[in-house]
Amino acid sequence: MKTKKISKNQKGQGLAEMIISIPVLFLFAAAIIQFSVLFLSFVQFEHACGEGAREYAAGLCSKTSLAPVVFENLGSFKRFFDPKSIQAALQDPKSNAAGALDKLRGGLGVIPFLVNYDGAEWSISARCRPPFLFHIIFPDGILFHTLQQVYRYPK
Amino acid sequence: MRKFKKLSQNPLGQILLATLIFCFVFLALFLGLYKAGSSYIVKERSRRAVNLTALTGGAVYADGLQLVRESNLLLMAAATYDAIMVGRAIAAALMAPPPLDIAAVIAAAKFADPNKRKGIQTLQENIFGIGKPPGAYPLLVFAQAAATANENRLSIPPLYVYNHETATMQNAPVPNMALRFRTIAELLPDEPKSSFSLQHDGVRRYFSQEEIEPAHNPRFPKQMRVKKNSNSEYAGWWVRRETNGSGTNENQFLSKLAPAWVLKNLRSYFDKFKLDVTDRDDPPCHTFALLGLMKENQKNHPNTFYQAGETRVDAGGLAAWNLADPIHVNLEKVDLEAFPILRDTLKNFGSIPFLDQTLKESDLLNGL
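Rules and cut-offs
Residues numbered from 1 in each chain as written. Chains lettered and ligands numbered in written order. Predicted model: local features only at pLDDT ≥ 70, side-chain atom pairs only at ≥ 80, totals over all residues. Heavy atoms only, no water. Core = buried A, V, L, I, M, F, W, Y, C linked by side-chain atoms within 4.5 Å. Buried < 20%, exposed > 50% of the residue type's maximum accessible area, 1.4 Å probe, protein only. Helix = DSSP H or I, 4+ residues; strand = E, 2+ residues; numbered from the N terminus. Contact = heavy atoms within 4.5 Å. Pairing = 2+ DSSP bridges. Axes fitted to C-alpha atoms, helices over the stretch in contact; angles between N-to-C directions. Buried area = accessible area lost by both parts, 1.4 Å probe. Salt bridge = Lys/Arg side-chain N within 4 Å of Asp/Glu carboxyl O. Polar contact = N/O pair within 3.5 Å; in protein donor to acceptor, adjacent residues only side chain to side chain. pLDDT = per-residue confidence, 0-100. Patch = residues over 30% accessible without salt bridge, like charges linked within 9 Å, V, L, I, M, F, W, Y side chains within 5 Å. Areas by Shrake-Rupley, 256 points an atom, 1.4 Å probe, with all protein chains shown as cover. Parallel < 35°, antiparallel > 145°, perpendicular 65-115°, else oblique.

## Details of the nonpolar core
Okay, step 1: In terms of nonpolar packing, the biggest core is built from 41 residues, with B:Leu65, B:Phe128, B:Tyr137, B:Leu179 and B:Phe288 touching the most fellow members.
Okay, step 2: At the level of elements, helix H4 (96-108) of chain A together with helix H2 (11-95), helix H5 (136-151), strand E1 (159-162), strand E2 (179-183), strand E9 (287-296) and strand E10 (303-314) of chain B are the ones that each hand at least two residues to this core.
Okay, step 3: Per-element accounting of this core gives the leading share, 11 residues, to H2(B).
Okay, step 4: If we ignore the near neighbours within four places in the chain, the residues touching B:Leu65 are B:Met177, B:Leu179, B:His286, B:Val313, B:Ala315, B:Leu318 and B:Ile327.

## Points about the sheet that holds strand E2 (residues 118-128) of chain A
Okay, step 1: Within the open sheet, the 3 strands sit side by side as E1-E2-E3 (chain A). Their pairing is antiparallel. Of all strands in the sheet, those bounded by a partner on one side alone are strand E1 (87-91) and strand E3 (142-152) of chain A. Pairwise comparison of adjacent strand axes, ignoring direction, gives a mean angle of 25 degrees for this sheet.
Okay, step 2: The sheet contacts of H5(B) involve E2 and E3 of chain A, and relative to E3(A) the element is tilted by about 175 degrees.

## A word on the interface of chain A and chain B
Okay, step 1: At the junction of the two partners, chain A supplies 40 residues and chain B supplies 37 residues.
Okay, step 2: Of all residues in chain A, the largest losses of buried area upon contact with chain B belong to A:Phe39, A:Tyr117 and A:Tyr153, amounting jointly to 19% of the total for that side.
Okay, step 3: A salt bridge links B:Arg45 to A:Glu46; the shortest N-O distance between them is 2.8 Å.
Okay, step 4: Put simply, chain A and chain B have 12 residue pairs in polar contact (both at pLDDT 80 or more) between them.
Okay, step 5: Contributing elements (two or more residues each) for the side of chain A that touches chain B: helix H2 (10-57), H4 and E3 of chain A.

## Here's the deal with the pairing of E2(A)
Residue and element names in this part refer to chain A.
Okay, step 1: For E2, the buried fraction is high: 10 of the 11 residues fall into the buried class.
Okay, step 2: With 5 bridges joining them, E1 and E2 adopt antiparallel strand pairing. Note on E2: the bridge partner recorded for Gln-87 is Ser-125.
Okay, step 3: One ladder, built from 11 bridges, connects E2 with E3; its direction is antiparallel. Note on E3: the bridge partner recorded for Ser-123 is Leu-147.

## Considerations on the pattern of salt bridges
Residues and elements named next belong to chain A.
Okay, step 1: For the coordinates displayed, the defined rule picks out 14 salt bridges over all chains.
Okay, step 2: Where Asp-102 meets Arg-105, a salt bridge forms, and the shortest distance between an N and an O atom there is 3.1 Å. Of this pair, Asp-102 and Arg-105 are both found in helix H4, 3 residues apart, which corresponds to roughly one turn of the helix.
Okay, step 3: Judged by relative accessible area, Asp-102 falls into the partly exposed class, the value being 22%.
Okay, step 4: Among the charged side chains, a salt-bridge network with shared partners connects Lys-63, Asp-102, Arg-105 and Asp-118.

## Comments concerning the sheet that holds strand E11 (residues 328-332) of chain B
All names here are of chain B.
Okay, step 1: Here we have 4 strands laid out as an open sheet, ordered E1-E9-E10-E11, and antiparallel in their pairing. A strand with exactly one partner marks an edge of an open sheet, and here the two such strands are E1 and E11. The average undirected angle you get between the axes of adjacent strands in this sheet is 20 degrees.
Okay, step 2: Strand direction decides the pairing type here: E9 and E10, joined by 10 bridges, are antiparallel. Paired with Lys-295 across the strands is Thr-304, a residue of E10.
Okay, step 3: Running over the sheet, H2 touches E1, E9, E10 and E11 and is turned about 25 degrees from E10.
Okay, step 4: Against the sheet, H5 contacts E1 and E9, and its axis sits at roughly 145 degrees relative to E1.

## Some words on the confidence of the model for chain B
Residues and elements named next belong to chain B.
Okay, step 1: In this model, chain B carries a mean pLDDT of 79, and residues with pLDDT of at least 70 account for 82%.
Okay, step 2: Mean pLDDT in chain B bottoms out at helix H6 (residues 246-257), which sits at 49, and peaks at H5, which reaches 90.
Okay, step 3: Confidence drops under pLDDT 50 across residues 245-251; counting only partners more than four residues distant or on other chains, this segment forms 11 contacts.
Okay, step 4: Taken over the whole predicted complex, pTM reads 0.78, whereas the ipTM for its chain interfaces reads 0.86.

## Describing a nonpolar patch on the surface
All names here are of chain A.
Okay, step 1: A grouping of Leu-104, Leu-108, Val-110 and Ile-111 is seen on the molecular surface, where their side chains present a nonpolar patch of about 360 Å² in accessible area.
Okay, step 2: Relative to the elements of secondary structure, Val-110 occurs in the loop between H4 and E2.
Okay, step 3: Its relative accessible area of 68% is what places Val-110 among the exposed residues.

## A closer look at the packing of helix H4 (residues 116-128) of chain B against H5(B)
Residues and elements named next belong to chain B.
Okay, step 1: The geometry of H4 relative to H5 is characterised by a closest axis approach of 4 Å and an angle of 25 degrees between their N-to-C directions. When the axis of H4 is compared with that of H5, the two are roughly parallel. Between H4 and H5, the residues in contact are Asn-126, Ile-127 and Phe-128 and Ala-136, Tyr-137 and Pro-138, respectively.

Shown next, in the form of structure tokens:
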């Protein structure tokens, strides 16, 4: 009865419109913020992978222990990632030239003291747990993926 | 237009228009965010790719420097063997019954020299490209870096610059390891150097031995002057010999050991005899730099990102006795101001309208 009275009033109409529009406005604003967070998560993931590779090049970790290093380098974005979902799989180079150079290195490596540099190519993937609005659209999370290769001296 | 006016005066139409504007604004915001976000991702990816490629080039380069040390060790072993053979021949010639024939001793020594050094030095020349770049190993540095650049999704084979701090525009892009052969002449004490100076209006100017000549003054036969035919603004001015500093003192000390002309002739003779491989520059300069390019594959408006990366390889020394010394590969923060060759090249690119626009869109020219 009271609502009917308000809606007939000019002021009441404005209030009713505002009550309807403000949640929608906030929803859009939140979506934009969460979209930015999603992008920043991906940028941070790329950065963390690069830092991991640099740590490998500096001899601070081994070829097979890159995934925990990548997770550590995610910094404040760690909460958007599941540590178990981060995988850094070693893979063969895509191009024939890189493959041939790897074979050459392997062949010459038989001779002692000749080849003392080593490296790898990783296919790194991680599942991002998006903020709540995107979680509705992507309940299983979003899979981020990247490739990178680096060599280091000494082995 | 009348229809639109009518719609805007109707409350329902007003709501519809407001909703449309509202949706448009947010769609534009989303699109802008998406575009900026994707560009930022490519920028981060290109920076990472260039750094990893530079590190890879540096790692292979460092391995090459260690190989130089190992080859120098082999060279020393060969030189020792040669010296033993020559020594034995000399000893045999000296043991011969008198009178002592010096010419026969020299001939015996020459004949007995197996010169095993030569083979190893030729191998070093060809492998490391000493004196005739590019050698096999610098080409390996190039190939491995190019392959890694490709694996890291850099769009085209990047532009590589080798040891740019001490290189020229011509030899910086040619794969090289900034190496040379040390000669026996370098083991002799330095040629006497004098430094000369004159003071004008309270400002002292210094001149090297090459810039001065005798003043031809009979009253002061030792008086020197700045070369009369030189381009110096002080041409023909008298100079005085510096008494402090290393130049003159060293000169006095060395002149007691041997006359200057003897040292000079000995040096030019011994300059022909190559020893081991050493750094081209002192202090040594071993850097590997690249300019990489990554393209963002968007349908209508492709974005291109240029990034520069550089690694410095610190070896400490390349002699055989440095074999156990560690070699460090350091990723440098690229400062284009300290990158004269690249800076000049990019500035030249700037005069070409198309490239100028491309460079302005990238973040490479910041600070230039």
